[in-house]
Amino acid sequence: MRDVAGTHELRAWAAKWLGDREVPEEFLQLAAIQDARLSGGPGRAALEAARPAKAETEDAEVLEDMQDSSDPLDYLGIEILGPRSAQGDGLARHVLDEQANATVPHLATILGHFLPAAEIVDYGIVYGYWLYPGEVWPPPVVCVDDEATFSTARGRTLTEALLAHNAEDDSEVALLGQWFTDLGVPVGVRTDAEIPDSPVRMDPQVLDREL
């Protein structure tokens, strides 16, 4: 699923952190899922058609909750961030507020390595790609809470990290992993135990202490 119109805008916004490096394809695809839901039309219909079917799980309660949502991001209460995310009163606005962050020099330095990508609204946590020099590529994922405390996140990808934080059991991991995959965001894990540890080399908490 691709949103050609929104991709250019998102690429331009992310270039502040990425420079000449490519935007992770996963990020573009997750943004396209959200845009399809918000814009409606054929894209919204395609999302709803991809919802898990009754034959895919024995957990009827989980399945029923998912069928009430148009896509896995909606189900998990996740907002994919982008050019308009500095508006409003959410945590993402403060993460992106350069004027406010400039008053805490070391925080501004850490945020310079952090491309904010997704906010779990009910928990006050922003997940993003960690761009510290020497990290693996595609970039690993870290998160920051509403007290400006950074931490690493389980998972090799943003989607895996979001599942590790949100999915309550293996039934949800399996259904959500397949749902994301069907929408063009490949997820290889189907149980919580399969979600790997973070590949981060420079832990942002260590960097915070060093600064």
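Everything below is about the structure shown above.
Throughout what follows, the structure given in this document is the object of discussion.

Reading guide: rules and limits
- Along each chain, the written sequence defines residue order, and numbers are assigned to residues from 1.
- Note on the predicted model: pLDDT of at least 70 is required for a residue's local features to be given, and 80 or more for side-chain atom pairs to be given and counted; whole-chain, interface and lining totals, by contrast, use all residues.
- Only hydrogens and water are set aside; all other atoms, that is, all heavy atoms of the structure, feed into the side-chain values.
- The secondary structure listing takes helices from DSSP runs of H or I that are at least 4 residues long and strands from runs of E that are at least 2 residues long, numbered from the N terminus.
- Relative accessibility under 20% of the residue-type maximum defines a buried residue, over 50% an exposed one, and the middle range a partly exposed one, all with a 1.4 Å probe and only protein chains included.
- Note: two strands are recorded as paired if DSSP finds a minimum of 2 bridges between them.
- Fitted lines through C-alpha atoms serve as axes, helices being fitted only where they are in contact, and the angles separating the N-to-C directions of these axes extend from 0 to 180 degrees.
- By definition in these notes, contact holds between two residues if any of their heavy atoms fall within 4.5 Å.
- Like charges are joined within 9 Å and nonpolar side chains (Val, Leu, Ile, Met, Phe, Trp, Tyr) within 5 Å, but only among residues with over 30% relative accessible area and no salt bridge; these make up the patches.
- Residue-level accessible areas treat just the shown protein chains as cover; the underlying method is Shrake-Rupley with a 1.4 Å probe.
- Throughout this description, the term salt bridge denotes a Lys or Arg side-chain nitrogen within 4 Å of a carboxyl oxygen of Asp or Glu.
- For the purpose of charge, His is not counted, nor are the chain termini; Lys and Arg are scored as positive and Asp and Glu as negative.
- Charge positions are represented by NZ for Lys, CZ for Arg, CG for Asp and CD for Glu.

What follows deals with unusual backbone geometry. Each neighbour pair has its own omega, and for W137 with P138 the value is 0°, a cis peptide bond. With respect to the helices and strands, P138 occurs in the loop between β3 (125-130) and β4 (141-145).

A few words on the pairing of strand β2 (residues 114-120). The buried count for β2 comes to 7 of 7 residues, which makes it a mostly enclosed element. When strand β1 (residues 78-80) meets β2, the two strands line up antiparallel, connected through 3 bridges. Paired with I78 across the two strands is I120, which belongs to β2. Across 6 bridges, β2 lies against β3 in antiparallel orientation.

The strand order across the open sheet built from 5 strands is β1-β2-β3-β4-β5, with neighbouring strands paired in antiparallel fashion. Every other strand in the sheet has two partners, leaving β1 and β5 (150-152) as the edge strands with one partner each. Strand-to-strand twist across the sheet, computed as the mean angle between neighbouring axes with direction ignored, equals 30°. Contacting β1, β2 and β3, helix α2 (residues 25-39) runs over the sheet at an angle of about 110° to β1.

Taken together, the side chains of E61, E64, D65 and D68 present a region of like negative charge at the surface. Position of E61 among the secondary structure elements: in helix α4 (residues 60-67). Judged by relative accessible area, E61 falls into the exposed class, the value being 59%.

A side chain with one charge can pair with a side chain of the opposite charge if their charged atoms come near. Counted by the stated rule, this structure contains 7 salt bridges. Ionic pairing is found between R44 and E48, a salt bridge with its closest N-O pair at 2.9 Å. One end of the pair is R44 and the other is E48, both in helix α3 (residues 41-49) and 4 residues apart, which spans about a single turn. Given the relative accessible area of 30%, E48 is considered partly exposed. Across the salt bridge formed by R154 and D192, the nearest N and O atoms sit 2.8 Å from each other. Placement of R154 in the loop between β5 and α9 (158-166) and of D192 in the loop between α10 (170-182) and α11 (204-210) is noted, with a sequence separation of 38 residues between them.

So yeah, pure geometry; function would need other evidence.
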